[in-house]
Every structure is written in C-alpha cells, then in structure tokens.
Amino acid sequence: MTDVTGDSVRTTDVLHTLFHSDQGGHEQVVLCQDRASGLKAVIALHSTALGPALGGTRFYPYASEEEAVADALNLARGMSYKNAMAGLDHGGGKAVIIGDPDTIKSEQLLLAYGRFVASLGGRYVTACDVGTYVADMDVVARECRWTTGRSPENGGAGDSSVLTAYGVFQGMRASAQHLWGDPTLRGRKVGIAGVGKVGHHLVEHLLEDGAEVVVTDVRDESVRRITDRHPEVAVVPDTEALIRVEGLDIYAPCALGGALNDESVPVLTAKVVCGAANNQLAHPGVEKDLADRGILYAPDYVVNAGGVIQVADELHGFDFDRCKAKAAKIFDTTLSIFARAKSDGIPPAAAADRIAEQRMAEARGRA
C-alpha cells in the first residue's frame, strides 16, 4: 500500500487497528457509497453490549478515505466508553461522511445516507456531529427512524450542543473542586479552542460563573459572535497562542481531536484540561505526560456526554429537565474518576477506561 497525504495513514494500518490493536475490536464497519448524490460514508459500530450503538454523524473533508475510516473507528470506540460512563443503555457507534459540507451537502445525499443507516435495522442510532445540524437530521429521518438530534417540530430534542456545553461546565466545576477545593470558576482564566456549536454555550456558562475567558477559532465569524455579545472576552490568533497564555487555569479543547500531543503538552500553561472535543489524546501515553507535568485531565468522553444524554432521551419521549438533571451528574462522575485515579495510582483517563470497560464486560456477561 502507498502512503496517503496528510497523516501518512495506510490502509494496512487501518485494518491492523480494526482487527489486531487494543484500539480496535469493532463489531462492524460499513462503507457506503451513492454515486448519484456523491455520498461516501463510513459507519463504524464498536460495541452493542449495552444496547444499540449511538453516536453522531461527522461531515468533514478528510484528506483521504483511509483517514476517514480511521477517524470513524476512533470516534466509535470513544462513544462506547462515553455511553457506558453516562449510564446509558447504548453501545458506541459513529459515522463520517467524506467531503466538504459547504460544497457537497444536499438533500439527495442526506436521504441516501439515511437509507444506509436504516439498512442496519436499528443497530446504529445516529445524531448530529461536526458538520451536521438539526435540519440535516430532519432530512435523514425521512428515510431512517433511528435518527435523533431532530428539531422539536419533527419530534426531536433540537440542538444537543446545549447540554454538551452544560456537561463540560460540570466537568470543569468538578476539576476545580478536586484541584482547588471549590467548584466555582470565579476568577479562573479559561481558554477555549473552538467557539462553534458547543464552545459558544460554554462561554456563557463560564462568564455567568465569573470566569475570565480567552477564545480562539479558525472561523472569524464564530469569534465575532462571542465578542459582539461579550466584548470582555479576550481573543488570541490560534490554538498555539492559547495554550501558551500566561496564567491560564483551564484549557478547553472544543474543536477536533488530537489537541493533546507531543508538541502541545510540554508548552501547555493550564493546570486543568477539560473540553468538549472528542479523542483529545493524540496517542496512548499522552495521559501520562499530562500527569507527569501535574496537569489534571478530565476525560473528554466523560465531560462531553451531555449531548448524547440528550439525544438518547429522544428515543423515550424527550424531557429537557430530565436530561439536564442527568447531565448535572457529570460533576459527580468526574469526581469519582479523579478519586479512582488517585486510589489506583493511574491517570484519570485510565481510571475512566477501567470503569467503562467494567460496565461493558458485565453487560456481555449477562448476554
């Protein structure tokens, strides 16, 4: 196999991940294509031990098909752990649609995608993710009843980013409680990388709690939406500048994954990392690098579970107050992970994995 551009992902590497590595173990991977609409998609089901796989649909211009498959595998695995830690009766799955949503997204493409999801017969329940929105799920739902994240007018709960941000805020409060003995963010400096769907809601929670907020985003309009409403929010040009901000207490990666890597961790000034992005650890071992530097890491799939709590509730008749109460428990869950990490002498990411794996193993044992 020849290398592809970008991250030099090989097809052989993807297959090795799927069948042989600790990062694999997926039950099913579906490659989808509809030439008439231009659809190319990957649906990955990591586990259905706890119930039907639940996870969003990412629409992104990947550098290669191999990179898209690798991302779907990683994201699906993360959803298994997220759903387990959130106490949901769902396994983990994820889908990616390959291409620039600004140029190729169409009703025909979304309907074709919905037919592919429907063909799985309920083994996979989809929702929104990067590049897909409530209006898109309304279209997908016309072909697939296993669709969440729909508009209230179409029987859904609407924008799941509201409770995703609320859950991350609860994770930050738990981190503050663990590290500083007080759950408030008042007077703390918080840097947010990515103020789109989730990030702009997170800004509101932090300002209301009295935090000092610094933001950055690759989209100028996303930054302007924040600064027009809150001129007191500081802006830096990019993530490289954000992670080096002097006096930063908390760093919140809220864009794409891989934000914590061999380049960023050594220069990170924050004492806590707690954000909404999935798969923040670029590779195994980064969690130890953070611990060695004395940086407290709140596992991403634990603190960003508010959104999946919301969309899962759609399947049972959505109630916002019930979902918010469940998302508020992310505070206690995060504290329990920090306590388990301390008692076992391991990083919080490893502690969260152990707890999630135990729940999935117990479910498989009952099957």
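Keep in mind it's a predicted model, so treat the numbers as computed, not measured.

(A) Structural view of the overall build of the protein chain. Within the protein chain, the secondary structure is distributed over 15 helices and 12 strands. By the compact-globule yardstick of 21 Å for 367 residues, the protein chain fits well, its C-alpha radius of gyration being 19 Å. Its C-alpha atoms give the protein chain principal-axis dimensions of about 55 × 50 × 50 Å. Looking at the protein chain as a whole, 54% of its 367 residues are labelled buried. For the protein chain, the share of sequence-separated contacts (at least 6 apart) that also reach a separation of at least 24 residues comes to 65%. For the protein chain, the accessible area works out to roughly 15,600 Å², and carbon and sulfur atoms hold 49% of it. The averaged location of the 49 negative side-chain charges in the protein chain is 4 Å from the averaged location of its 36 positive side-chain charges.

(B) Expanded view of the pairing of strand E7 (residues 189-193). The buried fraction of E7 amounts to five of the five residues, a majority that puts the element mostly inside the structure. Note: E7 against strand E8 (residues 212-216), five bridges, orientation parallel. What sits directly across from Val190, in E8, is Val213. Note on the crossover from E7 through helix H7 (residues 199-208) to E8: the handedness is right-handed. Here E7 pairs with strand E10 (residues 250-253) via four bridges, running parallel. Considered in E10, the bridge of Gly191 is made with Tyr251.

(C) Highlighting the nonpolar core. Core analysis: the biggest nonpolar cluster contains 64 residues, and Ile43, Tyr113, Met172, Ile192, Leu202 and Leu206 have the highest contact counts within it. In terms of residue count, the dominant contributor to this core is helix H4 (residues 107-118) (six residues). Ignoring anything within four residues of it in the chain, the contact list for Ile192 reads Gly199, Leu202, Val203, Leu206, Val213, Val214, Val215, Thr216, Leu242, Ala252 and Cys254. If you look at the next biggest cluster of nonpolar residues, it comprises 19 residues, including Val214, Leu260, Ala270 and Ile295.

(D) Layout of the sheet that holds strand E11 (residues 272-273). Pairing in this open sheet of six strands is parallel, and the strands run E9-E8-E7-E10-E11-E12 from one edge to the other. A single partner strand is all that each edge strand has here, and the edge strands are strand E9 (234-235) and strand E12 (296-297). Inspection of the sheet shows E8 paired to E9 by two bridges, in the parallel sense. What sits directly across from Val214, in E9, is Ala234.

(E) Structural context of the packing of aromatic side chains. Using the criterion set out here, one finds three aromatic pairs in the structure. A centroid spacing of 6.4 Å and a plane angle of 70 degrees characterise the contact between Phe318 and Phe320, whose relative ring orientation is edge-to-face. Accessibility expressed as a relative area gives 28% for Phe318, which makes it partly exposed. Between Arg188 and the ring centre of Trp180, over which it is positioned, the NZ or CZ distance is 3.9 Å. In this arrangement the basic side chain of Lys324 is found over the ring face of Tyr166, its NZ or CZ atom lying 5.0 Å from the centre.

Calculation rules
Residues numbered from 1 in each chain as written. Predicted model: local features only at pLDDT ≥ 70, side-chain atom pairs only at ≥ 80, totals over all residues. Heavy atoms only, no water. Helix = DSSP H or I, 4+ residues; strand = E, 2+ residues; numbered from the N terminus. Rg over C-alpha atoms; globule rule 2.2 N^0.38 Å. Buried < 20%, exposed > 50% of the residue type's maximum accessible area, 1.4 Å probe, protein only. Contact = heavy atoms within 4.5 Å. Areas by Shrake-Rupley, 256 points an atom, 1.4 Å probe, with all protein chains shown as cover. Lys, Arg positive; Asp, Glu negative; His and termini not counted. Charge placed at Lys NZ, Arg CZ, Asp CG, Glu CD. Pairing = 2+ DSSP bridges. Right-handed = clockwise from strand over helix to strand, strands pointing away. Core = buried A, V, L, I, M, F, W, Y, C linked by side-chain atoms within 4.5 Å. Phe/Tyr/Trp six-rings, centres within 6.5 Å; stacked < 30°, edge-to-face > 60°. Lys NZ or Arg CZ within 6 Å of the ring centre and 35° of its normal.

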